[in-house]
Amino acid sequence: MSVISRRQMLRNSAAVAGILSSAPLLSLFASEKRTYRIGACDWSIGHHSEVEAMATAHKIGLDGVQISLGKAENNMHLRQKEVRQAYKEAAKKYGVKVSSLAIGELNQVPYKSAPETVEWVSDSIDVAQAMDVSVILLAFFGNGDLKNDAQGTQEVIKRLKDVAPKAEKKGIILGIESWLSADEHLEIIEAVGSPNVRVYYDVANSHKMGYDIYEEMQRLGSEYICEVHAKENGYLLGKGAVDFERVKAILDDINYQGWVIIEGAIPEGMEMLEAYQANCQYVQSVFNPS
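So, a few notes on the structure that sits alongside this text.

Conventions we followed
- Residues numbered from 1 in each chain as written.
- Predicted model: local features only at pLDDT ≥ 70, side-chain atom pairs only at ≥ 80, totals over all residues.
- Heavy atoms only, no water.
- Helix = DSSP H or I, 4+ residues; strand = E, 2+ residues; numbered from the N terminus.
- Buried < 20%, exposed > 50% of the residue type's maximum accessible area, 1.4 Å probe, protein only.
- Contact = heavy atoms within 4.5 Å.
- Areas by Shrake-Rupley, 256 points an atom, 1.4 Å probe, with all protein chains shown as cover.
- Axes fitted to C-alpha atoms, helices over the stretch in contact; angles between N-to-C directions.
- Parallel < 35°, antiparallel > 145°, perpendicular 65-115°, else oblique.
- Nonpolar A, V, L, I, M, F, W, Y, C, P; charged D, E, K, R; others polar.
- Pairing = 2+ DSSP bridges.

**Considering the overall build of the chain**
Next up, step 1: When helices and strands are counted, the chain shows 11 helices and eight strands.
Next up, step 2: Split into buried and exposed, the 290 residues of the chain put 55% on the buried side.
Next up, step 3: Of the contacts formed within the chain by residues at least 6 apart in sequence, a portion of 77% connects residues at least 24 apart.
Next up, step 4: Carbon and sulfur atoms provide 49% of the accessible area of the chain, an area that totals close to 12,600 Å².

This is the structure in C-alpha cells:
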C-alpha cells in the first residue's frame, strides 16, 4: 500500500478511533503476549556519547542503551572503528545491547541548514549497520525545530530523499523525532516517499504539544512508528501525565516489535541511578508483567 493511500486510510479511520480509546478494550484485540526490550538513552543516564553508559545500564537493570553517534566536538566519534569496538566490548562485558543510534547533536547543528549534517546522517547508516542496529533517531528540537518552518521542512525532505535509498539498501530506519503532529510527520514521509523514513514517537513530547498520543499511536501503527520513548518531564514513569498501561495496550494492538526506550523521568532532587532503577522496574512491570 502506498504512503498516500495508507495516510488517507488513517484519516478515514480517525472517526472510529474512539472505540479503541480504553486499554481494557484494546487488550481484547491484542496479539499474543510478547517480551518488550527496555532500554534508555545514553544522555538520560548521564553518559552522552560515553561508553560508560553500558556499565550504568547494567547497574540499572536495562536490556540496552540508545547510544549517540557523537557530538560535534568529537566529530561524531562512533564513526571510528575503535570507538565502535569499545562499545561492543562493553556491551558483551555488561550483558546489555545497543538498541539504536541517535543524533541528538542535530538539535544544535540543524539538519535543515548545516551542511556537515548531510555527511553525519549518511555515515550514521554505515555505523548502524556496523553496530547491528536498525533504527537511527534524527532529532529536530532547539535549533533544528521544524514546527511552522516550511522552508526548513522542505530542505529536510530534500536531504532525506537523497539519503533514503542508502537507508533502504542497508535496511536502516531513519526516525524523525520532533514537535510535529502525526499528520505533519506523515506529510514529510509522504513527500520523501521511502518506507525507511518513519516516526520516532515520544509520548511526553506529543502530550506536551496537546496531541492525543493514544489516538496518534493507534493510527500510525507499527508501519510508521519505528521506536518509542517512554518519557515524563519531572516525574517518575507512572507518576505523571502518560498512561503507560494504555500505551502498552496500544503497542500490543499494533503488533509493535521494537524497543521501549526510557528518557527523562527524573524528579527534582532525585539521583539519576535511583530514578532509573525505579523507572526500569515500573516499565518492566507494565510491559513485561510476570
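Now that the structure has been shown, we can carry on.
**A few points about the packing of helix 3 (residues 53–60) against helix 11 (residues 272–287)**
Next up, step 1: Following both chains from N to C, one finds helix 3 and helix 11 inclined at 60 degrees, their axes separated by 9 Å at the closest point. In terms of axis orientation, helix 3 runs oblique to helix 11. Every residue of helix 11 that contacts helix 3 at Thr 56, Lys 59 and Ile 60 is listed here: Met 272, Leu 273, Tyr 276, Gln 277 and Cys 280.
Next up, step 2: Split into classes, the residues belonging to the contact of helix 3 with helix 11 amount to five nonpolar, two polar and one charged.

**Here's the deal with the sheet that holds strand 5 (residues 173–178)**
Next up, step 1: Sheet architecture is closed into a barrel: eight strands sit in the order 1-2-3-4-5-6-7-8, paired in parallel fashion. Each strand of the sheet is rotated relative to its neighbour by a mean of 30 degrees, with strand direction disregarded.
Next up, step 2: Strand direction decides the pairing type here: strand 6 (residues 197–202) and strand 7 (residues 225–232), joined by four bridges, are parallel. Bridging across to strand 7, Tyr 201 finds its partner in Val 228.
Next up, step 3: In the packing of helix 6 (residues 150–170) onto the sheet, the strands contacted are strand 4 (135–140), strand 5 and strand 6, and the crossing angle to strand 5 comes to about 155 degrees.
Next up, step 4: Strands in contact with helix 9 (residues 213–224) are strand 6 and strand 7; relative to strand 6, the strand with the most contacts, it is inclined by about 145 degrees.

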